[in-house]
There are 2 protein chains.
Amino acid sequence: MTLIADLAAALGPSHVLTDDDLAKYRHEWTQHYPSNPCAVARPATTAEVAETLRIAARHGVPVVPVSGLTGLVGGAYTDGGLMLSVERLNRIRELRPDARIAIVEAGVVLERLHEAAEAADLYFPLWFGARGSAMIGGVLSTNAGGSNVLRYGSTRSLCLGLEVVLADGRVLNLMSELHKDNSGYDLKQLFIGAEGTLGVITAAVMKLVPRPRAYATATLAARSLPDALVLLNRLREATGGLVEAFEYMSHSYMTRLSEARPDVALPFGGTRHETNILVEIAATAPRDALPDDAGEVPLTGLLQETLATLMEEGAVLDAEIAQTEAQRRAMWHRRELAAEITVARQPTIDTDICLPLDKVAVFLDRIHARLPGYDAGADTLSIAHLGDGNIHFTVFPTRDDPALSDAVIGAVEDEVQALGGSFSAEHGVGLSKKASMKRRKDAVALDVMRAVKAALDPDNRMNPGKIIPE
Amino acid sequence: MTLIADLAAALGPSHVLTDDDLAKYRHEWTQHYPSNPCAVARPATTAEVAETLRIAARHGVPVVPVSGLTGLVGGAYTDGGLMLSVERLNRIRELRPDARIAIVEAGVVLERLHEAAEAADLYFPLWFGARGSAMIGGVLSTNAGGSNVLRYGSTRSLCLGLEVVLADGRVLNLMSELHKDNSGYDLKQLFIGAEGTLGVITAAVMKLVPRPRAYATATLAARSLPDALVLLNRLREATGGLVEAFEYMSHSYMTRLSEARPDVALPFGGTRHETNILVEIAATAPRDALPDDAGEVPLTGLLQETLATLMEEGAVLDAEIAQTEAQRRAMWHRRELAAEITVARQPTIDTDICLPLDKVAVFLDRIHARLPGYDAGADTLSIAHLGDGNIHFTVFPTRDDPALSDAVIGAVEDEVQALGGSFSAEHGVGLSKKASMKRRKDAVALDVMRAVKAALDPDNRMNPGKIIPE
């Protein structure tokens, strides 16, 4: 029997897609890395995933696990491989509010988990623009970050247990709900962030946290990035760690935003500043969230006071505090248009780097000084999860030239490495950062990754060619 | 040349111990698992660790990494192998308060890191009785837990970067200081909790947190364990997650404490209760820590109110709030005598299990009901990091009988497994829980562990015979 016939017998013919039905799987969200899968298999259960992998093994066909296709690095690319979509593994198996956990399958859309948690008066604190499409499987496989990492950590820190199907179809059951479990190597850590190269994540036990009862949110202009960090540290200290988001938008981001989306109002009555920050503090405890005698949420007062002090010191130039939920949402909307804004103009050279917090400004100064040496007319745009040191620094070169792009990426990596940073923060490696892995990652670490990959997937059939350079 | 001569040439003769100098390395703290190393090597640098491993490889000698020897599971046992003590890798390489990190070598004693952090007005939030002897290398290799896991997580969640020497002497540099770094598999996770079976941890980047400015601490008697959990949940909710410790001491623990240490005062004027809890809330934000107009720390007031409400409801029977630091220390002293108390009487059958929080009481009921079937005269003692679901349930059998011990452990494991728990929470596996691994761990997980072990240590020379059953 052919691969397709075997899969159709196992999953039902309507869940093995070929030809015209492949259209929506051929591209990730970015439209880069167009794929050419031989078919898309859509198993609905862990057992069907296992059977799909056994069939692929028999036919010697590589398997590329996909979920929401919202990745940015070509992780779902294949030329001739079988795509295994987890979209039908879409059950929230359990949500137990008292235990503060949700047991979810890989095809559950992030936003659905947000809604289910909220219905139980809880919060799943992983938050980014693509939440309406991204699925838990992809989120775990890329160890996704986003805007709340500052307070709650990346996906890895939100996962208690994992179910994985290995390349040969064996099911690895690591579905612990426990906060302490030292029973041998913590294998789930290997699969989180492995981008499907070691197996297919089919389900996970995820942590939920108390739902924020009130937010204090502001958009402000700081005199400089170091001044912004002073503000961040004061707010973290004053609130005892309740700052959830601290997002940086450059002057050029505001300019592009106003060009691309004239319908979106800019802050500060349209006055442009260099260093724009969106800060959000979330109260989960009643004493922080209940309005005081003056009708004000205590954290809003604290934010106001801190901003006022820093304005007196000259470190903050202007600030707007959200007075209503609509104003708060408008502030977030400005920030979340970033993906749309940065891909709207092509060509781009985009990066996803991480630096020690106090090195972000140094990096930007250095790279802006070097850039004209490569392309005198290039524009740039920076947007950052500043509280994590994670910058999305984008260059818009004047010409579409792979050699120029490589040179600029190389310059970015030079500066990042010199400052103790990473060339890959939250999007993953996929295809787009394999060359950087080869150039920048510790050589012994690469050897160990190869050894682990060979141990778990000896025939190199799980998402081959991703992450690890040859 | 002999192994000893080669090592002496590399490290200096005074750092290769044999014969009578081995005495203090022959036993872990428990005096179980007496060892017979062929020698102890004491390298002082990462390069010397690498050279030691290369020499051991040439001579085909197994290597057992050791640090503070405060383990409880036989992880440092060897018969004929070379012990590699990291005690001379004892530098705090850097402590950068602004970045809230410490870069420490594996031989740094935990308490020294506490002191160094405190000197910088910060806190390293890993806290357990053996902190005066335990070293960072061992702490990481066992993913140690302790009393503050409830708020800050286990060792794993406090580690940002790692330096490891592999079995063949290659140095794996994963010393990232970043909070986001998705550059391939997160290999450091493999070595944390691997008990030295995959390589020797030589240094790490550890997170520091704001130093608590004030504590609210109480010892209380709850009507039952479920009532205690109601208290925990109310306090966590009311404080927004500031509960650092929630420790359970059984009636039998208090009885043994009073017998073994009549010098230590018991709570509640000597009245005995079934369910004794030590709870501690820590304020890191000034608004929580600064005394109010009445001279009271807000969190103490909150603790007092919550306890008063629960006393009215009948869920709390009695409570004492620490009014001074001396009273607080006395409360902790009672709790920290647990290790001394439990090993003082032999024979013991000890366990380190974890359960979903709401299953702890069920487990204790069931095991107490079953125990007389094995040994009608056996005593028990329970002490728990209740906030983590982690119980140290100890049985004092009436006879020293390995078959009885196995049967009791088997019964404990049955109940734990039925309730979704783990037979190994925070002490690690070592030798003492290998049989449990074989009986209880997912078979595919064991296979994957064997594959990873073989990939990283193909000659099985790193702490052989630990963790993974044959």
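Residues numbered from 1 in each chain as written. Chains lettered and ligands numbered in written order. Predicted model: local features only at pLDDT ≥ 70, side-chain atom pairs only at ≥ 80, totals over all residues. Heavy atoms only, no water.

The test is simple: UniProt positions are given in the numbering used here, feature names are shortened, and annotations may be inferred rather than shown by experiment.
As annotated in an unreviewed UniProt entry, chain A is FAD-binding oxidoreductase from Tabrizicola oligotrophica. Taken from UniProt, the Cofactor (unreviewed entry) comment for chain A reads in full: "FAD". UniProt lists a comment for chain A under the heading Sequence similarities (unreviewed entry), and it reads "Belongs to the FAD-binding oxidoreductase/transferase type 4 family."

### Quick notes on the interface of chain A and chain B
To be explicit about the condition: Here, residues are in contact when the closest pair of their heavy atoms is within 4.5 Å. When two parts are brought into contact, each loses some accessible area as probed by a 1.4 Å sphere; the total of that loss over both is the buried area. When a carboxyl oxygen of Asp or Glu is within 4 Å of a side-chain nitrogen of Lys or Arg, the pair counts as a salt bridge. Under this definition, polar contacts are N or O atom pairs within 3.5 Å; protein pairs additionally need one hydrogen-donor-capable and one acceptor-capable atom, and for neighbouring residues in sequence, both atoms have to be side-chain atoms.
Opposite the 71 residues of chain A that make contact, chain B presents 71 residues. Summing the contributions of chain A and of chain B, the shared interface buries around 5,600 Å²; its carbon and sulfur component is 57%. The largest per-residue losses of area from chain A upon contact with chain B belong to Lys180, Asn182 and Tyr185 of chain A, which jointly make up 19% of the total buried on that side. Seen at the junction of chain A and chain B, the total is eight salt bridges. Of the charged contacts in the structure, one is a salt bridge between Asp447 of chain B and Arg170 of chain A, with a shortest N-O distance of 3.3 Å. Counting the contacts that link chain A with chain B gives 27 residue pairs in polar contact (both at pLDDT 80 or more).

### Notes on the pairing of strand E4 (residues 82-85) of chain B
Residues and elements named next belong to chain B. Counted only if it meets this: Relative accessibility decides the category of a residue: with a 1.4 Å probe and only protein chains considered, values under 20% of the type maximum give buried, values over 50% give exposed, and everything between is partly exposed. Strands are runs of DSSP state E lasting at least two residues, helices are runs of H or I lasting at least four, and both sets are numbered from the N terminus onward. By this definition, two strands are paired if DSSP reports at least two bridges between them.
Side-chain alternation along E4 places Leu82 and Leu84 on one buried face and Met83 and Ser85 on a second face that is also buried. Where strand E2 (residues 39-41) meets E4, three bridges bridge the pair, whose relative direction is parallel. Counted as the bridge partner of Ala39 is Leu82 from E4. Examined bridge by bridge, strand E3 (residues 63-66) and E4 share four bridges and lie parallel to one another. Bridge assignment links Pro65 to a residue of E4, and that residue is Leu84.

### Here's the deal with a negative patch on the surface
Residues and elements named next belong to chain A. What counts is decided by this rule: In this scheme, patches are assembled from residues that exceed 30% relative accessible area and form no salt bridge. Like charges are connected within 9 Å, while nonpolar side chains (Val, Leu, Ile, Met, Phe, Trp, Tyr) are connected within 5 Å. Throughout, the Shrake-Rupley method with a 1.4 Å probe supplies accessible areas, and for residues the shown protein chains are the sole cover considered. Think of it this way: Lys and Arg go in the positive column, Asp and Glu in the negative one, and His and the chain ends go nowhere. Think of each charge as sitting on NZ of Lys, CZ of Arg, CG of Asp or CD of Glu.
There is a patch of like negative charges on the surface, built from Asp292, Asp293, Glu296 and Glu305. If you trace the backbone, Asp293 turns up in the loop between helix H9 (286-289) and helix H10 (298-312). Taking relative accessible area as the criterion, Asp293 reaches 87% and is therefore assigned exposed.

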